[in-house]
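One letter stands for each residue in the lines below.
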There are 2 protein chains.
Amino acid sequence: MAQAVFYHAGCPVCVTAEQLLADSLAISVEKVHLGEQPARIAEAEAAGVKSVPAVVINGQALHINHGADIEALK
Amino acid sequence: MAQAVFYHAGCPVCVTAEQLLADSLAISVEKVHLGEQPARIAEAEAAGVKSVPAVVINGQALHINHGADIEALK
């Protein structure tokens, strides 16, 4: 199981966060495109994700800048 | 020179971001407490930092959740 889950939607803000931050992590990162995997939106919301890009580490949601509200992905 | 600069103000949101994200980076991170080093607020703002906690990588500001507006630290 990955130590971090990076949720995104392929947006420009998401790509920047992925390249600069998610890809710089020393821990294992699973990347989930919520636009392509809408079945995982509920899981992201349960972890507290309200917008993308966001990374969940140790069950805590860390929103990175603001690309899109998760509501807009439903 | 550090590859990333993590700006914070010692707030609870800042501490969470530091422990979960900043300390998980594989790149070198300089940590700057803007409440204790107000002289560096201008540098943070020039990099686009509008609130803390935030990390600047490759000259780009990535805000992590929201602890305090940088204006509140002046």
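Residues numbered from 1 in each chain as written. Chains lettered and ligands numbered in written order. Predicted model: local features only at pLDDT ≥ 70, side-chain atom pairs only at ≥ 80, totals over all residues. Heavy atoms only, no water.

(A) Representation of the overall build of chain A. In terms of helices and strands, chain A carries two helices and four strands. Reading the helices (α) and strands (β) of chain A from amino to carboxyl end gives β-α-β-α-β-β. By the compact-globule yardstick of 11 Å for 74 residues, chain A fits well, its C-alpha radius of gyration being 11 Å. Principal-axis analysis of the C-alpha atoms places the extent of chain A at approximately 30 × 25 × 20 Å. (Helix = DSSP H or I, 4+ residues; strand = E, 2+ residues; numbered from the N terminus. Rg over C-alpha atoms; globule rule 2.2 N^0.38 Å.)

(B) Inspection of the interface of chain B and chain A at higher detail. The interface of chain B with chain A comprises 17 residues on the first partner and 17 residues on the second. Regarding the contact of chain B and chain A, the summed buried area is about 1500 Å², with carbon and sulfur atoms giving 67% of it. Linking chain B to chain A there are zero salt bridges. Summed over the shared surface of chain B and chain A, the number is six residue pairs in polar contact (both at pLDDT 80 or more). Residues belonging to the side of chain B that touches chain A are distributed by class as follows: 11 nonpolar, six polar and no charged. (Contact = heavy atoms within 4.5 Å. Buried area = accessible area lost by both parts, 1.4 Å probe. Salt bridge = Lys/Arg side-chain N within 4 Å of Asp/Glu carboxyl O. Polar contact = N/O pair within 3.5 Å; in protein donor to acceptor, adjacent residues only side chain to side chain. Nonpolar A, V, L, I, M, F, W, Y, C, P; charged D, E, K, R; others polar.)

(C) Structural detail: the state of the cysteines. All names here are of chain A. Scanning all chains against the criterion turns up two disulfides over all chains. In this model, Cys-11 is linked to Cys-14 through a disulfide, with the two sulfur atoms separated by 2.2 Å. Judged by the sign of its S-S torsion, about 70°, the bond between Cys-11 and Cys-14 is right-handed. Residue Cys-11 is classed as buried on the basis of its relative accessible area, which comes to 15%. (Disulfide = S-S within 2.5 Å. Buried < 20%, exposed > 50% of the residue type's maximum accessible area, 1.4 Å probe, protein only.)

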